[in-house]
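Descriptive analysis of the structure
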Amino acid sequence: MPTRFAPSPTGHLHLGHAFSAITAWNISQKTDKKFILRIEDIDLQRCKVEYEKQIFDDLEWLGLTWEKPVIRQKNRFNSYREAIDILGNKNLIYPCSCTRKDINEALSAPQNNKIPKIYTGACRNRSMSEAKKTDNIRINIDKSINYLKKLNHKSLVFVDDYYQQNLINIPFESQHLQEDIIVARKEIGTSYHLSVVVDDAFQDITHVVRGADLFSSTPIQRLLQELLELPQPLYHHHRLILDEDGKRLAKREASTALSILRESGVKPIELKRSLDLIN
Ligand code: GLU
């Protein structure tokens, strides 16, 4: 069961990342021992080589080993373009020139007392043949759901083996499937959701292990998998490691950074014990 750890080199890895990487590694070791490290560096502005180097050093320190060569998303923009073309050929996407400001203004206008969607669909009727370099590409969520309904899908489902209730049903009316999200940003031609599903399939990942904070990303990723006819992995959204105040750990916080713990002489075994990963 190939599993993966897919960090973005935008800051220091922290205890939560260690928990995620070790959990994925442990699952892989029970089967085919294939643990894949993928560098998610599509955000060319924020990703830094020094953080990437730290990722390798941190994981090595934790005693993890991974498949080679390591894939970096910044080298895979052609594959993301191909996926965009597939969605385009199915007529499920459109170019959008709305700025953040346009969207915020649209948000503040009352719409028959309904909770406004974040994006109101001002560019929805535009076609891909008129797409410009300065446009983002959005998915037309209604057309996409209709496309699946025609293929006899009644809802989207996924299996999450972290939860007692193993089969998670996502009705098409789910709040996570209401917005025409951006699938390709103008500067890079892709997005987090699109790159993740393309690469999970490309790398034959059968078990997506990640924190519960990404649970709400799974509906849209399952939708993209169906539209792109990609295989469906099994999921494991594990508990989050929180700070003393019960808040999620942040990459900018030094006290839980693995590189700092490593340099201050903490032993990996102590760290694993503190995370309840061994007795
Ligand atoms: N790159 C994402 C992050 O660092 C994780 C992606 C995923 O596990 O799906 O938060």
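On to the overall build of the chain, then. Helix and strand counts for the chain stand at nine helices and ten strands. What you see for the chain is a C-alpha radius of gyration of 20 Å, in line with the 19 Å of a compact globule of 279 residues. For the chain, the spread of C-alpha atoms along the three principal axes comes to 60 × 40 × 40 Å. Within the span of the chain, comprising 279 residues, buried residues form 48% of the whole. Intrachain contacts of the chain at a sequence separation of at least 6 include 77% that bridge at least 24 residues. Here the chain has roughly 15,000 Å² of accessible surface; of this, 51% comes from carbon and sulfur atoms.

What follows concerns the packing of aromatic side chains. Tallied over the full model, the rule gives four aromatic pairs. Their ring planes at 55° and their centres at 6.0 Å tell us that F56 and W66 sit as a pair that is tilted. Taken as a pair, F56 in helix α2 (residues 49-61) and W66 in the loop between α2 and β3 (71-72) lie far apart in primary sequence, ten residues in all. With centroids separated by 5.3 Å and ring planes inclined at 70°, the aromatic side chains of F158 and Y235 adopt a geometry described as edge-to-face. Remark: Y235 occurs in strand β10 (residues 234-238) and F158 occurs in strand β6 (residues 155-159); sequence separation between them is 77 residues. Assigned by exposure class, F158 and Y235 land together as buried. Every member of this aromatic cluster is reached through a ring pair, and the members are F158, F215 and Y235. Sitting over the face of the ring of F202, R76 holds its NZ or CZ atom 3.8 Å from the ring centroid. Across from the ring centre of Y119, 3.6 Å away, lies the NZ or CZ of R138, which sits over that ring.

Take the sheet that holds strand β8 (residues 182-184) next. Strand order in the open sheet formed by three strands is β4-β5-β8, with antiparallel pairing between adjacent strands. With one partner strand each, in any of the chains shown, β4 (93-96) and β8 form the two edges of the open sheet. Here the average twist between neighbouring strands, direction ignored, is 45°. For β4 and strand β5 (residues 136-139), the ladder comprises four bridges, and the chain directions are antiparallel. Paired with I93 across the bridge in β5 is I139.

A few words now on the site of the ligand. The local shell around the ligand consists of R4, A6, P7, S8, E40, Y192, R210 and L214. A distance of 3.2 Å separates a nitrogen atom of the ligand from a polar atom in the side chain of S8. One of the side-chain nitrogen or oxygen atoms of Y192 is found 3.0 Å away from an oxygen atom of the ligand. In isolation the ligand exposes 300 Å². Once the protein is present, 79% of that is buried. For the shell around the ligand, the class distribution of residues is four nonpolar, one polar and three charged.

Scoring rules and cut-offs
Residues numbered from 1 in each chain as written. Predicted model: local features only at pLDDT ≥ 70, side-chain atom pairs only at ≥ 80, totals over all residues. Heavy atoms only, no water. Helix = DSSP H or I, 4+ residues; strand = E, 2+ residues; numbered from the N terminus. Rg over C-alpha atoms; globule rule 2.2 N^0.38 Å. Buried < 20%, exposed > 50% of the residue type's maximum accessible area, 1.4 Å probe, protein only. Contact = heavy atoms within 4.5 Å. Areas by Shrake-Rupley, 256 points an atom, 1.4 Å probe, with all protein chains shown as cover. Phe/Tyr/Trp six-rings, centres within 6.5 Å; stacked < 30°, edge-to-face > 60°. Lys NZ or Arg CZ within 6 Å of the ring centre and 35° of its normal. Pairing = 2+ DSSP bridges. Axes fitted to C-alpha atoms, helices over the stretch in contact; angles between N-to-C directions. Near = heavy atom within 4 Å. Polar contact = N/O pair within 3.5 Å; in protein donor to acceptor, adjacent residues only side chain to side chain. Nonpolar A, V, L, I, M, F, W, Y, C, P; charged D, E, K, R; others polar.

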